[in-house]
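Below are the chains, spelled out letter by letter.
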Amino acid sequence: AEVTIPIIVKDTTSFYWQIVLAGARAAGKDLNVNVPELGAQSEADINGQITILENAVAGKPAAIVISPTQRAALGKPIDEAAKSVKIIGIDSAADSKAFTSFLTTDNVQGGRIAADGLAAAIAEKYGKPEGEVALITHLPGVGSLDERAKGFKEELAAKYPGIKLVADKVSDGTANGGLNITTDLLTAFPNLRGIFASNLIQAQGAGQAVAENKAQDKVKLVGFDSDDKLVKFLGDGVIAALVVQDPYRMGYDGVKTALAASKGEKVAPFVDTGANLITTANMKEPRSQELLNPKVK
Amino acid sequence: MNALNVAEAAGGIAPSSVPILELRKLDKRFTGTHALKSVDLSFRRGEIHAIVGENGAGKSTLIKLLTGVHPRTSGELVWLGATVPLSTPHEAIALGINAVHQEVVLCPHLTVAANMFLGDEEVRYGLLKNRQMVADAQKVLDELGFNLPAGVLLSDLTIGQQQLIATARAATRGTKFLIFDEPTAYLTRQEAAQLFALIRRLKAEGVTIVYISHRMEEVFELADRVSVLRDGQLVGTRDIDATDENELIAMMINRSIEQVYHKDTIPLGATLIEAKNLSGEGFEDISLSVRAGEIVGLYGLIGAGRSEFVTSLFGRHPIKSGEVVWEGRPVRIRNERDAINLGIALAPESRRDQGLCLNLGVGHNINLPVYDRLTKGVTISARMEKEHADRQIQDLRIKTQSRNALALSLSGGNQQKIVIGKWLNHGAKLFIFDEPTVGVDVGTKAEIYRLFSALLAKGAGIILISSYLPEVYELADQFHVFRAGRQVATHGFKAVSHEQILSEAIGV
Amino acid sequence: MSQKTTTQGEIAPRRKLNFNNLLSLSLVAVLLLMFILLSIATTTFATPGNISNLARQGAMIAILAVGETFVIITAGIDLSVGAIVGFTTVIVSLLIEGGVPVPIAITITLLVGVAIGAFHGFGIVRMGLPPFIITLATLTALQGVGLLITNGSTINITNDDFTGFSRGEFLGIPNLFWIVIVVAVPAVIYLHFSKYGRYLYAVGSNPEAARLSGVNVRGVIYTAYILSALCAAVVGVMLASRTGTGNATQANGWELQAIASSVIGGTSLFGAVGTVWGPLLGAFILATIRNGANLLNVNSFWQYIITGGLIIIIVYFDQLRRRKR
Amino acid sequence: MSQKTTTQGEIAPRRKLNFNNLLSLSLVAVLLLMFILLSIATTTFATPGNISNLARQGAMIAILAVGETFVIITAGIDLSVGAIVGFTTVIVSLLIEGGVPVPIAITITLLVGVAIGAFHGFGIVRMGLPPFIITLATLTALQGVGLLITNGSTINITNDDFTGFSRGEFLGIPNLFWIVIVVAVPAVIYLHFSKYGRYLYAVGSNPEAARLSGVNVRGVIYTAYILSALCAAVVGVMLASRTGTGNATQANGWELQAIASSVIGGTSLFGAVGTVWGPLLGAFILATIRNGANLLNVNSFWQYIITGGLIIIIVYFDQLRRRKR
Ligand SMILES: Nc1ncnc2c1ncn2[C@@H]1O[C@H](COP(=O)(O)OP(=O)(O)OP(=O)(O)O)[C@@H](O)[C@H]1O
Ligand SMILES: Nc1ncnc2c1ncn2[C@@H]1O[C@H](COP(=O)(O)OP(=O)(O)OP(=O)(O)O)[C@@H](O)[C@H]1O
Ligand SMILES: O[C@@H]1[C@H](O)[C@H](O)CO[C@H]1O
Ligand SMILES: [Mg+2]
Ligand SMILES: [Mg+2]
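All residue numbers refer to positions counted from 1 along the written sequence of the respective chain. Labels are handed out in written order, letters beginning with A for the chains and numbers beginning with 1 for the ligands. Per-residue local features of the predicted model are confined to residues with pLDDT of at least 70, and side-chain atom pairs are confined, for both listing and counting, to 80 or more; whole-chain, interface and lining totals are unaffected and use all residues. The basis for the side-chain values is all heavy atoms of the structure; hydrogens and waters are excluded.

J.: So what exactly am I meant to see when it comes to the overall build of chain B here?
T.: The helix and strand inventory of chain B stands at 18 helices and 24 strands. Expressed along its principal axes, the backbone C-alpha trace of chain B runs to roughly 70 × 50 × 45 Å. Counting all 508 residues of chain B, 61% fall into the buried class. Here a residue-residue contact requires only that any non-hydrogen atoms of the pair lie within 4.5 Å. Contacts in chain B between residues at least 24 apart in sequence constitute 67% of all its contacts with a sequence separation of at least 6. In this description, accessible areas are obtained by the Shrake-Rupley approach with a 1.4 Å probe, and a residue is regarded as covered only by the protein chains that are shown. Of the roughly 18,400 Å² that chain B leaves accessible, carbon and sulfur atoms contribute 48%. Positive and negative side-chain charges of chain B, numbering 55 and 58 respectively, have mean locations separated by a distance of 4 Å. Strands here are runs of E lasting at least two residues and helices are runs of H or I lasting at least four, both read from the DSSP assignment and numbered beginning at the N terminus. Each residue gets one of three labels from its accessible area relative to the maximum for its type: buried under 20%, exposed over 50%, partly exposed in between, using a 1.4 Å probe on protein chains only. The sign given to each residue is positive for Lys and Arg and negative for Asp and Glu; His and the chain ends receive no count. For the purpose of locating charges, the reference atoms are NZ of Lys, CZ of Arg, CG of Asp and CD of Glu.

J.: Quick question: what am I supposed to make of the packing of helix 11 (residues 254–264) of chain C against helix 12 (residues 277–295) of chain C here?
T.: Residue and element names in this part refer to chain C. For helices, the fitted line uses only the C-alpha atoms of the stretch in contact; every axis is such a line through C-alpha atoms, and the angle between N-to-C directions lies from 0 to 180 degrees. Direction vectors running N to C along helix 11 and helix 12 enclose 115 degrees, while the axes themselves pass 7 Å from each other. When the axes of helix 11 and helix 12 are compared, the crossing they make is right-handed. Within the contact between the two elements, helix 11 uses Q257, A260, S261, S262 and I264 and helix 12 uses G278, P279, G282, A283, L286 and R290. Three residue categories are used. Nonpolar comprises Ala, Val, Leu, Ile, Met, Phe, Trp, Tyr, Cys and Pro, charged comprises Asp, Glu, Lys and Arg, and polar comprises the others, including Gly. In terms of residue class, the contact of helix 11 with helix 12 is built from five nonpolar, five polar and one charged. Handedness of a crossing follows from how the near helix is turned relative to the far one, being left-handed for an anticlockwise turn of less than a right angle and right-handed for a clockwise one.

J.: It is not clear to me how the site of ligand 1 should be interpreted in this structure. Could you clarify?
T.: Each residue is tested against the molecule or strand, and it is near if at least one of its non-hydrogen atoms lies within 4 Å. Taken together, 22 residues lie near ligand 1, and B:G56, B:K59, B:S60, B:T61 and B:S409 sit nearest. One chain alone does not account for the residues near ligand 1; they come from chains B and C. Nitrogen and oxygen atoms within 3.5 Å of one another constitute a polar contact, given that in protein one can donate a hydrogen and the other can accept it, and given that sequence-neighbouring residues count only through two side-chain atoms. Taking B:G412, its main chain carries an N or O atom lying 3.4 Å from an oxygen atom of ligand 1. Between ligand 1 and B:G413, the relevant distance is 2.8 Å, taken from an oxygen atom to a main-chain nitrogen or oxygen of the residue. Burial of ligand 1 by the protein chains amounts to 91% of its free accessible area of 630 Å². Mapped by element, the contributors of at least two residues to the shell around ligand 1 are strand 2 (33–44), helix 1 (59–66) and helix 15 (412–424) of chain B. Looking at which element gives the most residues to the shell around ligand 1, the answer is helix 1 of chain B, with three residues. Of the residues assigned to the shell around ligand 1, the class counts are five nonpolar, 13 polar and four charged.

J.: What is the right way to look at the UniProt feature "transmembrane region" (unreviewed entry) in chain C in this model?
T.: UniProt positions are given in the numbering used here, feature names are shortened, and annotations may be inferred rather than shown by experiment. Per the UniProt entry, the sites bearing "transmembrane region" (unreviewed entry) are residues 21–41, 61–92, 131–149, 170–193, 220–241, 262–289 and 301–317 of chain C in this numbering. As annotated, residues 170–193 of chain C comprises 79% helix and 12% strand, and the C-alpha atoms at either end are separated by 28 Å.

J.: Can you walk me through the coordination of the magnesium ion (ligand 5) in this structure?
T.: Ideal values differ by geometry: the angle at a metal is 109.5 degrees with four tetrahedral donors, but 90 or 180 degrees with six octahedral donors. The coordination sphere of the magnesium ion (ligand 5) contains the protein donors B:S307 (OG), B:E349 (OE) and B:E349 (OE), at a distance range of 1.9 to 2.7 Å. A relative accessible area of 27% places B:E349 in the partly exposed class. The rule for donors is simple: N, O or S, within 2.8 Å of the metal, or within 3.2 Å if the metal is Na, K or Ca. Water isn't counted, so a site may look like it is missing partners.

J.: Got a minute to help me understand the nonpolar core in this structure?
T.: Nonpolar side chains tend to gather and get buried jointly when the protein is soluble and globular. What we call a nonpolar core is a set of buried Ala, Val, Leu, Ile, Met, Phe, Trp, Tyr and Cys residues that are connected through their side-chain atoms within 4.5 Å. Core analysis: the largest hydrophobic core is formed by 196 residues, its most contacted members being C:L64, C:W254, D:L64, D:M238 and D:W254. Reported domain spans reflect what an automatic or database domain assignment gives. Taken domain by domain, the makeup of this core includes at least three residues from each of domain 1 (19–259) and domain 3 (353–427) of chain B. In this view, C:W254 contacts A:N176, C:M60, C:I61, C:L64, C:G82, C:V85, C:V235 and C:L239; residues no more than four positions away in its chain are not counted. With 126 residues, the next largest nonpolar core counts B:F196, B:Y449, B:L469 and B:A505 among its residues.

J.: Hey, could you run me through the domain arrangement of chain B in this one?
T.: Residue and element names in this part refer to chain B. Taken domain by domain, chain B comprises domain 1 (19–259), domain 2 (260–343 + 429–508) and domain 3 (353–427). Inter-centroid distance (C-alpha atoms) of domain 2 to domain 3 is 24 Å. Accessible area that two parts lose when put together, with a 1.4 Å probe and added across both, is what the buried area reports. Taken over both partners, the interface formed by domain 2 and domain 3 buries close to 1,100 Å², and the fraction arising from carbon and sulfur atoms is 69%. By the criterion of area lost to domain 3, the three top residues of domain 2 are I340, E447 and L451, representing 34% of everything that side buries. Take a side-chain nitrogen of Lys or Arg and a carboxyl oxygen of Asp or Glu: if they are within 4 Å of each other, that pair is a salt bridge. On inspection of domain 2 and its partner domain 3, the count reaches one salt bridge. Of the charged contacts in the structure, one is a salt bridge between R397 and E447, with a shortest N-O distance of 3.6 Å.

J.: What is the right way to read the coordination of the magnesium ion (ligand 4) from this model?
T.: Residue and element names in this part refer to chain B. Distances from the magnesium ion (ligand 4) to its protein donors, S60 (OG) and Q102 (OE1), fall within 1.9 to 2.2 Å. One end of the pair, S60, is in helix 1; the other, Q102, is in the loop between strand 6 (97–100) and helix 3 (112–117), with 42 residues separating them in the sequence. The exposure class assigned to S60 is buried, which follows from its relative accessible area of 19%. Taking relative accessible area as the criterion, Q102 reaches 13% and is therefore assigned buried.

J.: What should I look at first to understand the relation of the copies chain C and chain D in this one?
T.: Superposition of the two copies of the chain requires a rotation about an axis and a shift along the axis. For the match of chain C to chain D, the screw axis carries a shift of 0.1 Å, the RMSD comes to 0.1 Å, and the turn is 180 degrees. Taken together, the rotation and translation relating the two chain copies correspond to the operation of a two-fold axis. Same-surface contact between copies: 89% of interface residues of chain C are shared with the interface of chain D. When the copies are superposed, the least-squares fit draws on C-alpha atoms of residues that have pLDDT of at least 70 in both.

J.: In this structure, what is going on with the interface of chain C and chain D? I would like to understand it.
T.: Much of the literature gives interface size as the accessible area that the parts lose upon coming together. Facing 45 residues of chain C, the contacting portion of chain D comprises 46 residues. Summed over both sides, the interface of chain C with chain D buries roughly 4,000 Å², with 82% coming from carbon and sulfur. Counting the contacts that link chain C with chain D gives zero salt bridges. Applying the counting criterion to the chain C and chain D interface returns zero residue pairs in polar contact (both at pLDDT 80 or more). Among the elements that take part in the side of chain C that touches chain D, helix 5 (residues 131–149) of chain C stands out by supplying 13 residues, more than any other.

J.: Teacher, can you tell me more about the arrangement of the chains here?
T.: Of all five pairs of chains in contact, the one with the most contacts involves chains C and D. Chain A shows no contact with chain B. Their nearest C-alpha atoms sit 38 Å apart.

J.: Please explain the site of ligand 3 as it appears in this structure.
T.: Residue and element names in this part refer to chain A. By nearness alone, 13 residues border ligand 3, and E43, D91, R148, D225 and Q245 come closest of all. Side-chain polar atom of D91 to an oxygen atom of ligand 3: 2.6 Å apart, as the coordinates give it. At 2.6 Å from an oxygen atom of ligand 3 is found a side-chain nitrogen or oxygen belonging to D225. Every element with two or more residues in the shell around ligand 3 is listed here: helix 1 (15–31) and helix 5 (143–159). For the shell around ligand 3, the element with the most residues is helix 5, which contributes three residues. Classifying every residue of the shell around ligand 3 by side-chain character gives four nonpolar, four polar and five charged.

J.: Looking at this structure, how should I read the packing of aromatic side chains?
T.: Residue and element names in this part refer to chain B. Here a pair means two rings of Phe, Tyr or Trp (six-membered ring of Trp) with centres within 6.5 Å. Their orientation is stacked below 30 degrees between planes, edge-to-face above 60, and tilted elsewhere. Applying the stated criterion to the full structure yields 29 aromatic pairs over all chains. Consider the rings of F309 and F482, whose centres lie 6.1 Å apart with planes at 45 degrees: the pair is tilted. With F309 in helix 9 (residues 306–313) and F482 in strand 23 (residues 478–483), this pair connects stretches of sequence that are 173 residues apart. Given the relative accessible area of 1%, F309 is considered buried. Linked through ring pairs, Y261, F431, F433, Y449 and F452 together constitute an aromatic cluster. Over the aromatic face of Y468 sits the side chain of R215, whose NZ or CZ is 4.1 Å from the ring centroid. Both a distance and an angle decide whether a charge sits over a ring: NZ of Lys or CZ of Arg must be within 6 Å of the ring centre and within 35 degrees of the ring normal.

J.: Sorry if this is basic, but what is going on with helix 2 (residues 48–73) of chain C here?
T.: Each full turn of the α-helix corresponds to 3.6 residues, which orients residues three or four apart in the same direction. Residue and element names in this part refer to chain C. Take the residue count of a helix, subtract one, and multiply by 1.5 Å to get its expected span. Counted at 1.5 Å a residue, the expected span for helix 2 with its 26 residues is 38 Å, and the 36 Å between its end C-alpha atoms agrees. To get the bend at a residue, fit one axis to the 7 residues ending there and another to the 7 starting there, then take the angle between the axes. Of all the bends in helix 2, the greatest, near 35 degrees, is centred on A59. After helix 2 finishes, the residue A75 shows a positive phi value of roughly 70 degrees.

Printed below as a string of structure tokens:
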């Protein structure tokens, strides 16, 4: 492969980003592009991502695909990088106009979808979308997660006056943290009816806690993203619904678009890759299956 | 720091009767110990005032109060007629009070010069004048007749050499009042002689000297007056001409002892150990043997290689060549446990660095070598653990609150007793005592020597290392003189004169 | 490690056991006080369900802290325990997903822990590296190896028996807490009632003196680091069972929690001072702070502040008592 | 044991500076070797752009490591520096967004650093807390305070002058690297050429001896922790400028990198041994490993393993040299 197009994700250790990288890898194979897979090991490591971007630019690649870890922080470095190389954004936005193209989930919208999904699940069980719910966020200061929380809260406030957000918890970035928080939430709020765990790892922890306490009948859990474990929880009814993005496509199309842009071809400036609500009811549908089981390997 | 400070009054002044420092009802309590009980004492300007007393009598505590190291519980200090708070070391230094403490208190990571100038550095435009300080320090050391380099790291020196550095440092800081707490404990005769010369010189310059020692002959050689402490109380002060050793000892321990050096005639038995032409790091071609019932002395200057030799014999350091024969069988001692298993015990020279776990209990320290034998099945027998520790504490009269008191809360001499005590019930056949009576009071010394006899009577042999010639001279059935890592002479019991031995050790 | 000339001012002799009792008593008092206050302030704290949760939540850090304590008593430190936990979750889940029977998978995982501990011993004893450094290096490297093995992703454990264990209980006590007991009992015997425990303290106080008293100092150091890493591997198995995942980074930072628990429990970082019950209490005090804050619905950020403040207060009073005794 | 002469007085003088020079020379050699190898292995390493990147990337850890070194020389440790960096990014961005002029905002932020350092000094000197504990407590608490202030979110700095600084350069040298110089020069004078530096070593070597020499030991300890926290606050300002955000957790874990850099640079965790140039070199060695691995397109997980391995190797050879000397 002559052409090099690195892809920079937020946190290489998360399964979600592994799917993105798998998509990028596949695109690299299909299009005969060398695709270094880069990224920090925590979504909170903003400086780490800037460093990786700087180093990637120094390697003089044809283009760079990046998922900015933080909207404002990556703005200027991306502007800077775009002076010498084409930049394609994926997954989350940054305060930069320098993107040649952008393929993303609208995370505020994702939060809204989660709110609707949670309300629906509560209504199905309790008759009305009413009662106490809680929110669990992976880590503080992660742009996309803040946007999901924003969308989630706005939607609740706007459409479901009967639903009350009684706890807004921030975890420590581990599944075990989410597990401990959820068990305590279940204890502290005996009338809790719903939980939104706004990314993969927290959904794993929260799912485990709900299963551990056999609370799935009382408490409806909505997660974000998916992996085998969450799909199993979904099938078992431990999780009521998952908001699923299309990370594989972001990776694949990110590289594909980057290659086209590097050749000077015209590319779409903005692509919404979409966020879909998958519930126990619709999980068997083909599109759902495609989203739930991306071809990672 | 200027070199030796010259006394204000030219030509030196005779000890005047003007008190320079008065202690009024000085009192110090540690939680659980009443270390000093209402002591009234006055020091005269330009005198050498010795303080003697048993281990734990409160001597070091007294010094620490005078130098602002510990706060006093009550009482007053009057310096040149005026009451002073004297609550920090800084204040003491400012008044001109300095001390050479019982244990060397310097910074091992700094150079000799940096240590000598610590807290009083020479600077220009705020920057250190390092080269200047080394030169100045060297000048001071040379002037004092200490043949020591100023540019090396302190940790490169032996304890004795470090003690001399501490002395040089204390003597040259505009000192008016200088306290020595057992300064000769780690010094050889030669070094001690240098120290005494320095002390006399300081006295001539009008400096008041307080001199603490367990060695009576030093007290009589140097002091103008002597005060005795017992159990934290001042028993009395005497002019040196108006007292004698027996009186002082009686005042110290409230009884008299006929004789410090005690030696029973014990028939020598079979040869326990034979070292044949041993060489290792710091010693070369050493041969000696020890028989049951025999004390073999090793005499030499500090750095002569005796400690290196015995620690190697004990398996701590490798032996490069030569042979060790134990009870007629050639053996290889690869580590300390091999030695201990054969029946060798070592009481090392530095109690702080090698001898004690300072922040563990007295009992824990005493029992450390014998926990194997205190173990029943998987666990330790609590009863045996207690009994064993208490027996040593009683037998050696270790002054401690209980077996659970931390070793660091004991006075220096009592700490030394722990180092010895932990091997006494081990059942070893060969005991190596490296400077066993450093910092030990006369009464206890006599007890330790009696203990030697008891061990010998049970069929043990002893290697006794001492830099204190009388000890080796009076006790050893046979002794070897070491110099520069080699064995330069071997003598029988009191076979030759002190002078000859000294010249062999020094090599003149 | 060298024993520093600490400026231990005026330490009057006192009974060591008494003192330890006193200290642990006062920690028990702190814990009890928290329990009482939380029982009054919330209706949910003093429920069997919550107490079970608490027992589960504190269990893992408690075991790590006990292992860490062995090392700290020798005047060392083990920064790698969090990384070992993460790494061993990867190992055990790989093995289980690879079809290895659970008991064998667990045994192998624990042996991996032992090997890591032995490597630390080697680094300290043979290579002369400071404990802080060698364990910092393994902290870093193990994370890399764990991530490399899984290619950065998370392994999901599909064996329900294995993951069910952490949820289960026996005689009304959560299984995870049983593990604490299973670890603590031999630990108490080892540290407080056997000669090996005495040797550990001696090495922490003055290794040279210990050596000259015939203590196998190297062996003691190997043992301490192996026990610490073994405890971490045990926790790795527990965590894999609890989260059902193998992920090399999932216990990042737990080393600081373990060390904090140990120190809150009266262990001195200068060595030669510490107990088994101290770190256990320390870990459950920290777990109770978090649990209580959650139940009181205190902003999660306040939990950090409270934890930091309590560490200072508890250790301060501990120091005070020590100096007074 | 060291070389030994048997008659007193014939002790070969060993200059301390010589040894330090030797060590830093060998670190310089390591760094040079890396540079040469990377220049051969990649076409991109030895480009002005990349060297600038490297200078920027190493700068922040380098400054933290220098501050940390002061503390370690006193035989202490400062675990809070990463948390202080995160916290001060919050403070400076709040102030700037609140309309405070940049120079005043920076001054206030640095004073906050000083206050935190003084608090550490207070905890150690007055409350008698071990440095590990008090700084662990602030690590935890500062994170909480920082998160609380921002309610867990990130403050975006809209002042382009402020954020532009970190990207700018002067005389062809990146501004961030200039800050390293601005910190290092007074640090060298302080540590190596002033009596205050000497006191730092004395306190680390034997606090009792220092105290008896009239050294204001408490003052020295206060100074060391204040300098460390001040360096961390400087880095906080730099990081805020670089990321354009205030976020309390964005420098989590940097304390371990700072300590590792310092130790790689020859600082002894037992105190009394260390230089200013050592940690600087250590930090840039670590930055070069990361930069090189990125350029060589080595799997990012390998970087952890390489870093861990290098820490062991470098410190091992350093220890060897020390023992041999
Ligand atoms: N820091 C301390 N804490 C508690 N007790 C102490 C402390 N220092 C000394 N003591 C006690 O005070 C008493 C006097 O001790 P001190 O060191 O003054 O004796 P000493 O006369 O110097 O003895 P030695 O000749 O053995 O050096 C002893 O009982 C000792 O145990
Ligand atoms: N001149 C010297 N320079 C540096 N180190 C020395 C020197 N002399 C001795 N040492 C070291 O100081 C320590 C004490 O010296 P050592 O104990 O060997 O002398 P010794 O004759 O065996 O003892 P002593 O005569 O005091 O019983 C040893 O560890 C030795 O390595
Ligand atoms: O932006 C993302 C992804 O969309 C995913 O949810 C993982 O965590 C995030 O921060
Ligand atoms: Mg004394
Ligand atoms: Mg000796």
